[in-house]
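Overview (structure and organization)
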Amino acid sequence: MALAIALPLASMAQGYPMKIAEIPSNSGFSSDYDASTDIWTLTCEKNDGAAYVPFFRMNAITEKVPDKYTALCFEYRSTHDIANIDMVMYKVFLGSATKTYNITNKMLASDDWKTMRVDISSQRTNQGVRFLNKAGQYQDLRFPGLPVGGAIQVRNIRYDENEFSFKDLSLDANSGGLIEAEDFNGAADTKGGHSSRHNQLPELNTYYKHPTGKYFPIYAWGSVDFNGGMGDKAPAFLHEQYKELWDCGFTITQGTAWPGVDKAFLFDGQEVNGVDINLHEGTELMMICKAGLDNYNDVKSNVNSFKSSPRVAGWFIMDEPHRVHFPEMTRKVNWIREFDTEHLLYGNLLNISTSMSAIGFTSYDEYVHTFMREVGTGFISYDYYPVRQYDDTKEIYIEPDFFQNLEIVSKLAKYYRTSFWAFAHSVASNCGKVGVSYPTPEEDHMRVQIFGNLAYGAQGVQYFTYKCPNPYGGYTYYDAPIDVNNEKTPVWYMVQNINRDIHALTWVFLGAEFLGAGHTNAETPVGCSRLTKDMLPEGINSVTSDGPGVCVSMLKNGKNLFMMVLNGDIHKTQKVTIAKDIAVKRVLMDGTTEADAAGSKEYELTPGHFVLYLVSENETETQVADMPVYESSDYRDDAADVFITADENASGGYYLSAMGDPRWDSYSAIIPANGDRTISRDEAIANWGSVFNYTVKVPSDMTVDISVKHSVPWSEYGRVASTGVMPGYQYMIDGMPSLNWPKQYAASMILSIDGKEITPTDQPLRPSVPEIFSEDGADFDAILADRSRWISTKEANGSVSNVLYFWPKSGSDDGLTPGYNDKPDYRNVKLPAGTYKFTVKSLCYPWHFDNLRITPANSESAIDNIEIVPERPADNRIFNLMGVECKEPLAPGIYIRNGEKFIVR
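Conventions adopted
Residues numbered from 1 in each chain as written. Predicted model: local features only at pLDDT ≥ 70, side-chain atom pairs only at ≥ 80, totals over all residues. Heavy atoms only, no water. Helix = DSSP H or I, 4+ residues; strand = E, 2+ residues; numbered from the N terminus. Rg over C-alpha atoms; globule rule 2.2 N^0.38 Å. Buried < 20%, exposed > 50% of the residue type's maximum accessible area, 1.4 Å probe, protein only. Contact = heavy atoms within 4.5 Å. Areas by Shrake-Rupley, 256 points an atom, 1.4 Å probe, with all protein chains shown as cover. Lys, Arg positive; Asp, Glu negative; His and termini not counted. Charge placed at Lys NZ, Arg CZ, Asp CG, Glu CD. Pairing = 2+ DSSP bridges. Axes fitted to C-alpha atoms, helices over the stretch in contact; angles between N-to-C directions. Arc of directions from axis to C-beta. Salt bridge = Lys/Arg side-chain N within 4 Å of Asp/Glu carboxyl O.

Counting secondary structure elements, the protein contains 14 helices and 58 strands. Relative to the globule expectation of 29 Å for 905 residues, the C-alpha radius of gyration of the protein, 32 Å, shows essentially globular dimensions. Dimensions of the protein, computed from C-alpha atoms along their principal axes, come out at roughly 90 × 90 × 55 Å. Within the protein, the fraction of its 905 residues that count as buried is 56%. Put simply, 76% of the contacts in the protein that link residues at least 6 apart link residues at least 24 apart. In the structure as shown, the protein presents an accessible area of about 37,700 Å², 48% of it carried by carbon and sulfur atoms. For the protein, the centre of its 80 positive side-chain charges and the centre of its 116 negative side-chain charges are spaced 3 Å apart.

Take a look at the structure:
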């Protein structure tokens, strides 16, 4: 039942054909053309990057190229890797080159024929360019990265569809065939053909390590000023600055520009400007070292010299990077990790108001995700300075997406199981956007920023800046905590007050887990959720205010559950009313608590101030399971986001691991700006599952049975299917707001052919899953043995479902060896002769996919006898989706009675 051998690439060419029409005189190529094979051999004779560059000119198009063709394709062989390639588009009727595109794809040196596929979809849809839409257009393809003496061979130039077959998948009319999971379609844009969110972090990634012991991390940018020109007085002056920094409440100082000075801070008994001094004396400050890390040799010297100091908090990587800076950051991370695997790696990101297209991304989520996956610092730090002032009216305001940035970063920190740090702006300047400046800091304004960060679970706070910078680049700064003359300003005392409160509440905030936040504003802040009663801790009935609205945050720290009500308005004092049925403890600003009886109570909150309740001291502590690690082979170089695992037990030597996101315990995709947490089924699949397309050729009319070769390890399945992710704050499925997606659809799939979903055969029931996961799986084994505890696979409306469910063979089955179910999963599927797109849509992790076995219906490999499950006597008991019996009255949700689902709204 093997598939036919793949055809040679030349015979598979299709699309809109193009030709090499000319090697112009100013091209650096010499050429030879073999008409019998339609192969051009092009040798680079000249390449000065200017007057002579190796390139060829394609023929002018004779008509508009069909819109479906969004990829430039050609087969090639090359003597060298070529990273620098570009295409110049001409419009003959305008008589000049109108656009040059740099091609980011890399041509690899190869003696075998390879296919180059360049995504041109954005150029084709750009109305200003109108690419390939009119006869007469032609293009040059330039290879400035090919050195003199290098050569390429080219054939089959064409404009083609984005998605393409990775292999020729042709069924045999007599025996059918196997569709190997790993041979899913490819795409020029790397997105068509499959969809996957396997975010396994870099090998050298260091998960967050708290750097400041018993203290909360409070980091001062622009910390101290070393003035070597002061001679022997410079060390004492520097020491005094460190003590002032500590007195202001900071716990982390930024390193200076001089590694030698930093060494005198990190180790006692050092000399600065000929003076013996202990710069750290009288403080418990830690340092993030910044100087002396610009090249490998300096990193080797300074990291090895400094890493043994107990005062090292970490190493500074880069501030506010763009996409193009990530490789440089990764290189520095790898240098440092060669010599130190213990300390923090500090890289600070831009904020949500940045133009993402200008820095190489399509969304802020993509920016943070890519940073975490590629750079490997292990935690998130970002700066957002939301308090601004209009230059003309002098009106001070706060940017509306301040809390949205916190929503996204807190969500992704949870997703990556790490922590985040955030900022307050502590200096006035003119470096805002046009017509807007940063005003002189006010304590209430900084409190909104600092305690807004803490309300969302920040594990470090930062101030930009501590010491006032000198003017540069047209920017001026003033009213920082320390002015340009090294004198304290009123802002210093404001910052000291705020930091004093943070230290008093360290037992609340340090190590706190952010559970969620809701806002009471008449117009909910962009990207945020409106507060609803079900978001509040049990026993808290309502939180209201007489002003613009407040942020209500829930935090858990160990067994303690806190509710924080923050006035996030920078102008207005608000009277807040909290109604509750339970007694709580109110946490005061000095860190002590006082009893607060049940009932309704009012509080007056000035901007940036808050009420903090200790609601419970007996919560179940969060247990974080270890992340499974999947091996990824080099079988394909066009799908880095897919775990293609090599395994001798797999039919083709490989299988697809996970079939969804192993970080399944949250909804981490983009939250709509309107804060609506309602998502579609496709959005749920994009978050928790994966999709793979296969182009299959059927030589003659066939009726087939289809079986899915798979495996489902209990240790992964049991965790997902027992708990899932509760709907509400993170997400709600459109039309089914109480549906717990991962719990319902763990290890399941839908098969479609040309977009039409196929209904599985003979799967009326599936086993329920114990509500509490256990490693031994004994409870699950009991359910497997007792079909009265199985649940219907029908949809909530009673219709037969197109979802195919998988489950472990037993509660002790933790293997990855794939196998088929006893009977084909899909029977009597009619396939008239033709070409089809098979789509395997995994609804949710965790299962592993080896192949689709396709056999002629009623063949020997198929099982003809369909098992009829005897109908059980109706007993009218009601069960939830976990198989636990429930009594009426029922809370809203999905239930099962006599094997049928029904909804209580």
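The structure having been displayed, the exposition proceeds.
This paragraph deals with the sheet that holds strand β35 (residues 560–566). Taken together, the 6 strands give an open sheet; going across it, the order is β32-β34-β35-β40-β37-β38, and neighbouring strands pair in antiparallel fashion. Sheet topology places β32 (513–519) and β38 (593–596) at the edges, where each strand pairs with a single neighbour. In this sheet, adjacent strand axes meet at a mean angle of 25° when their direction is disregarded. The pairing of β35 with strand β40 (residues 610–616) spans 6 bridges and is antiparallel. Paired with Val565 across the strands is Val611, a residue of β40. Set on the sheet, helix α8 (residues 443–455) makes contact with β32, β34 (551–557), β35 and β40; between it and β35 the angle comes to about 145°.

Pairing is parallel in the closed barrel, where 8 strands are placed in the order β17-β18-β21-β22-β23-β24-β27-β30. Ignoring which end each strand starts from, the neighbouring axes of this sheet average 30° apart. For strand β22 (residues 312–319) and strand β23 (residues 344–349), the ladder comprises 5 bridges, and the chain directions are parallel. Bridge pairing in β23 places Met318 opposite Gly347. Set on the sheet, helix α6 (residues 364–374) makes contact with β23 and β24 (380–382); between it and β23 the angle comes to about 160°. Contacts between α8 and the sheet are confined to β24, β27 (420–425) and β30 (460–464), with β27 contributing the most and set at about 175° to the helix.

Tracing the backbone through its elements, the reader meets Lys756 in strand β48 (residues 756–757). Residue Lys756 is classed as exposed on the basis of its relative accessible area, which comes to 60%. A C-alpha to C-alpha distance of 10.0 Å links Lys756 and Lys837, two positions 81 residues apart in sequence.

Another point: the pairing of strand β45 (residues 702–711). In terms of burial, β45 is largely enclosed, as 9 of its 10 residues are buried. Inspection of the sheet shows β45 paired to strand β52 (residues 826–831) by 4 bridges, in the antiparallel sense. Residue pairing for β52: Ile706 is matched across the bridge by Tyr826. Strand direction decides the pairing type here: β45 and strand β54 (residues 848–856), joined by 8 bridges, are antiparallel. Of the residues in β54, the one forming a bridge with Ser711 is His848.

Let us look at helix α14 (residues 778–785). Taken together, the buried positions of α14 are occupied by Phe780, Ile783 and Leu784. Buried positions in α14, seen along its axis, are confined to an arc of 100° and lie on one side of it. Looking at the packing, one finds that the buried side of α14 touches α12 (714–723), β49 (765–767) and β50 (790–792).

Scanning all chains against the criterion turns up 33 salt bridges. A salt bridge links Lys411 to Asp365, with the shortest nitrogen-to-oxygen separation between them at 2.6 Å. Linking Lys411 in helix α7 (residues 402–415) with Asp365 in helix α6, this pair joins segments that are 46 residues apart in sequence. Its relative accessible area of 9% is what places Lys411 among the buried residues. Lys709 is the salt-bridge partner of Asp850, the closest N and O atoms lying 3.6 Å from each other. You can see Asp850 sitting in strand β54 and its partner Lys709 sitting in strand β45, a full 141 residues away along the chain. By relative accessible area, Asp850 is classed as buried at 0%. Sharing partners across several salt bridges, the network here consists of Glu22, Arg57 and Asp140.

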